[in-house]
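Structural overview
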Amino acid sequence: MGARLDSAAAGTANYIDERTSIGGFVKFFARKLFPDHWSFMLGEIALYSFIVLLLSGVFLTAFFVPSMTIVEYDGPLATMQGVEMSEAFASTLHMSFEVPGGLLMRQIHHWAALLFTAAIVTHMARVFFTGAFRKPRELNWLVGFTLMILSLAAGFSGYSLPDDVLSGNGLRIIEGVTRSIPIVGEYISYWIFGGEFPGEILIPRLFTMHILLVPGLILVLIALHLFLVFLHKHTQYPGGGRTHKNVVGLPLFPVYTAKAGGFFFVVFGIVALVAAIFTINPVWNYGPYDPSPVSAGTQPDWYILFVDGALRLMPGWLFDVIPMEWEIWGYTLSWNLLVPALILPGLFFGFLALYPWIEAWATGDRGEKHVLDRPRNAPVRTGIGVALITFYVVLVMEGSNDIIANLFHLSLNDLTYFFRIGIFVLPALAFWITRRICFGLQRKDRELVLHGKETGRIVRHEHGEYVEVHEPLTDEERWVLIQHDDIAPLEIEPEFNDRGVRRKGYRWDRFKQWLSRIYFEKRISPVTAEELAEAQEHGHH
Amino acid sequence: MSTTENPTEHGPEGSEKQNGFENPGLPYHRPRRADVDPKADKKAERQTAALFGVSIVGTIVAIGSYMALDMTDEIDSIRFVNMAIGIGIFLAMIGIGLGAIHWAKTLMRDHEMVEERHALRSSDEAREGAIQNLKDGAEDSGLGGVKRRPVLIGSMLTALLAAPLALLWPQIGNMGADWNISNFGHTMWRKGMRLTRDPDGTPIKASDVTIGSAFHVIPEGLNELEHHKIEEKAKAVVLLLRLDPRDLNLQPGREDWSFDGIIAFSKICTHVGCPVALYEQQTHHLLCPCHQSTFDVANGAKVVFGPAKRPLPQLPIAVDDEGYIVAQSDFHEPIGPSYWTRLHDTSDGLHADDDTEGSSH
């Protein structure tokens, strides 16, 4: 039996290999090494929730009718009996209440979408804080960044499909923002909606975008993202034996096939459990889209909340005197929409996309970096990251200010005033505090390397002095604390050469030097071997 | 600035020194219990098999729930069927997942291996070869080299850049329907059109509107529209309110736009177009729940808080012979959020403003 199976497998392998030369690929891939760390699973969660989205999405397309034709509801839901609604909404109710397992699949799909975006953002934060975007991975950072933007597009287009009153108001906001774009905004709005809002064609258009265009692009970019991961080989955390020139880990087959493959089933299982127990997006409570009603305390999905928060934050009148909507030469320019909904997200995302290059200018480093940074060893980067998160969180909180006000019995207006100031002050404060904490942790690391660990054992010397015995670190422990580079601010060549001719590119160098000083002017260097020798000398006096 | 290949590369080739310290190398590998104890090995195997067993049970639960449980019209029964299937799927998935991970963690190799990395840069040889190949190709085609053909290249690039337009022009052109963006500037309200209740469309008598009350209003005949009903509704919805006339500060030029404290405003927010649906009777404030723009009804619906800049447009109303509330005209300015050419659609309204001011003197 065993022998027969073996010969059948060999036969099949031979058949395929003679037609594809797959043997070379298998040899190359099968024992490829991957380092082990829990934070490397965040990207996996994103990938797996995307697969769950594809699987559950296929189920939903079998029942969803992407049409805005108005029908009268005639189904089991008593509260909706006789209500006029689009076929999109009616089919959503049908699949929820008349298809066994349909509601479950809707909820799996929605929860997986929330997890997908959340995992992407967390994965991105991990890559940011550990410096995994450095050479040679800058382009893959851009691929990942684009995937993040696409996940928002996928989420928003899907959220709008049931054509309920909540998502309809979301679309109305999109329409208002689109129209505010100078000169072309009104035409773009007509182009999107096929005429005036809401029109009769938007849901079919969003449907195509949601099930074909966006997921197609996501699939292609995921393939590119993973291809580059294989090409670059995975980054690794610092540790004994790990360098920029090797990778230490366990082989893809069988260890990561089992661990990562198994993890897909864990992610799917947990999403299914959450979807089985917790209701999400109960559109039957909101009702079909109607331009007239709206309810308070309703929030969009979490990943869009920051835009909503920005729209709430921006005053229509600055200090009650300066209008944020200008009328110039007979045309209207709405800063109260353009700034929060387009300019601000544009700057935020633009900065994120370009970050690897900004930091490369500051370090001037051209080497390949495969060992990750401990966030404390990059205090400015870590500070910027925490400042960006703070900025984002302020917007999210402003986007939920009605809920916060309700929950904590605060004034809605006061909260908005607070966040209007907070959006400037809190990120700056977060940057400063984070950098301080990083410096503190670096000093602690130096302390540990130089003087060892506290043992809690107090010893009394002959002359009566009490000291705590410190135990020196092992080589392994010490290496983690001293292995990072001590990067100094850039030195640049003078403006004029010895013949007094102005050098080309001097201004650009000046800019990089300025940037570099922000990053590295104030820094705490890792302990060197000489310093340690000196400290030990001192200890043994 | 110097541009050496790897300015911060550590030490000379092969050495792993950093800051004067030697890289201590990989830590000693500690065997797991299953590596040394055959009993522990057997136990881990049994545990893994049991976890896969959980998955099989889960699949049976999912399919069994689907087949055995009936869904009635009761929401609870629908929820129960979905929950049972969901828990089945959960078990089916988590069993496989935990089983595979347990297997990997206890029985598969955990002794780390080392693989060398190679610089991503191609070898000089390969680069030279690549450049030579491209040069040869350019020479063959006339794209570069001795027999360069600029006319051919120019015409090809122009054709390539223009060709997508053949596809995009009709595509984009068709997607905006009639492109009649002046539709943003007016609604279906007309002189003499009755204000009716949303959604049933019954007309409202002035005597029905008591002080402090608020009516959600649609234009008479909206429900009977054959086309663009929802688009018209999205522009024409109105809030009808009655204040104590002593509280109501009539705006200059609009003294005759309201009737005995009854006043009508567009329900579409001038910020981004959500319905301004929350009315606070005590303060006469209208609040948009989307972004919390707050409008003071007693003072021409001017903005008192939030991101909106302009007041809600007011609908001029009157009372007809039968006592029903009717519109005097359409809005005198575009309703809803601002847009680039908004003032072009407003000129009409400005004239009307002047007229009413003239007649009131």
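Reading the values: rules and limits
- Residues numbered from 1 in each chain as written.
- Chains lettered and ligands numbered in written order.
- Predicted model: local features only at pLDDT ≥ 70, side-chain atom pairs only at ≥ 80, totals over all residues.
- Helix = DSSP H or I, 4+ residues; strand = E, 2+ residues; numbered from the N terminus.
- Contact = placed C-beta atoms within 7 Å.
- Pairing = 2+ DSSP bridges.
- Expected span 1.5 Å × (residues − 1).
- Buried ≥ 20, exposed ≤ 12 C-beta atoms within 10 Å, placed from the backbone.
- Domains from an automatic or database assignment.
- Nonpolar A, V, L, I, M, F, W, Y, C, P; charged D, E, K, R; others polar.
- Core = buried A, V, L, I, M, F, W, Y, C linked by C-beta atoms within 7 Å.
- Axes fitted to C-alpha atoms, helices over the stretch in contact; angles between N-to-C directions.
- Parallel < 35°, antiparallel > 145°, perpendicular 65-115°, else oblique.
- Left-handed = near helix turned anticlockwise from the far one by under 90°.

To continue, consider the environment of L69 of chain B. Summarising the element assignment, L69 of chain B is placed in the loop between α2 (38–68) and α3 (75–106). Not counting the four nearest positions on each side in its chain, L69 of chain B is found in contact with F80, V81 and A84 of chain B.

On the basis of which strands lie adjacent, the open sheet formed by 3 strands has the order β1(A)-β4(A)-β1(B) and antiparallel pairing. One side of each edge strand has no neighbouring strand; the edge strands of this open sheet are β1 (33–34) of chain A together with β1 (113–116) of chain B. Here strand β4 (residues 246–251) of chain A runs beside β1 of chain B; their pairing, made up of 4 bridges, is antiparallel. Looking at the pairing, N246 of chain A lines up with E116 of chain B of β1 of chain B.

Attention now moves to helix α4 (residues 124–141) of chain B. Across its 18 residues, α4 of chain B extends 26 Å between first and last C-alpha, which sits within 8% of the 26 Å expected from 1.5 Å per residue. A positive backbone phi angle near 85 degrees is found at G142 of chain B, which sits one or two residues after α4 of chain B.

Take the pairing of strand β9 (residues 453–460) of chain A next. Side chains on a regular strand alternate between the two faces of the sheet. Residue and element names in this part refer to chain A. Counting buried positions over the 8 residues of β9 gives 0, only a small fraction of the element. Strand direction decides the pairing type here: β9 and strand β10 (residues 466–471), joined by 5 bridges, are antiparallel. The residue of β10 that forms the bridge with I458 is E468.

This part is about the domain arrangement of chain B. Parsing chain B into structural domains produces domain 1 (33–106) and domain 2 (187–360). If you average the C-alpha positions of domain 1 of chain B and of domain 2 of chain B, the two centres end up 60 Å apart.

The next point concerns the interface of chain A and chain B. With 101 residues of chain A at the interface, the matching set in chain B holds 93 residues. Per-element accounting of the side of chain A that touches chain B gives the leading share, 16 residues, to helix α10 (residues 252–277) of chain A. Its residues assigned to classes, the side of chain A that touches chain B shows 51 nonpolar, 29 polar and 21 charged.

Turning next to the sheet that holds strand β3 (residues 214–219) of chain B. All names here are of chain B. Sheet architecture is open: 5 strands sit in the order β2-β3-β4-β5-β10, paired in antiparallel fashion. Looking at strand neighbours, the two that pair on one side only are β2 (195–197) and β10 (314–315), the edges of this open sheet. As paired elements, strand β4 (residues 238–242) and strand β5 (residues 262–266) share 5 bridges and run antiparallel to each other. Residue pairing across strands places L239 opposite F265, the latter belonging to β5.

The next thing to look at is the nonpolar core. If you look at soluble globular proteins, the nonpolar side chains tend to sit buried side by side. Formed by 94 residues in total, the largest nonpolar core has its most connected members in V271 and A272 of chain A. A per-element tally of this core places α3 of chain B first, with 16 residues. Both domain 1 (33–106) and domain 2 (187–360) of chain B contribute no fewer than three residues apiece to this core. Beyond its immediate chain neighbours, meaning those up to four positions away, A272 of chain A contacts I108 of chain A together with G86, I89, F90 and M93 of chain B. The next biggest cluster of nonpolar side chains, apart from the first, holds 76 residues, and it includes A387 of chain A together with V209, I263 and V297 of chain B.

This part is about unusual backbone geometry. Glycine aside, residues mostly have negative phi angles, and peptide bonds mostly take the trans form. Residue and element names in this part refer to chain A. Following K135, the chain continues into P136 via a peptide bond in cis, with omega recorded as 10 degrees. When you line up the elements, P136 lands in the loop between α5 (102–129) and α6 (138–160). Geometrically, the link from F253 to P254 is a cis peptide bond, its omega value of 10 degrees lying close to zero. Mapped onto the elements of the fold, P254 is located in helix α10. Although it is not a glycine, H409 adopts a positive phi angle of roughly 55 degrees.

Residue and element names in this part refer to chain A. Where α5 contacts α10, the axes come no closer than 8 Å and their chain directions differ by 120 degrees. Between α5 and α10, the interaxial angle falls into the category oblique. α5 and α10 meet at a crossing whose hand is right-handed. Facing α5, whose interface residues are L104, Q107, I108, W111, A112 and L115, α10 presents V271, A272, V274, A275 and A276. Among the residues making up the contact of α5 with α10, the classes are represented as 10 nonpolar, 1 polar and no charged.

Right, let's get into the pairing of β4 of chain B. All names here are of chain B. Taking burial as the measure, the 5 residues of β4 include 5 buried ones, the bulk of the element. In β4, alternate side chains face the same way, and those of V238, L240 and R242 on one face and L239 and L241 on the other are all buried. Pairing geometry for β3 and β4, over 4 bridges, is antiparallel. When the sheet's bridge partners are listed, A214 is paired in β4 with L241.

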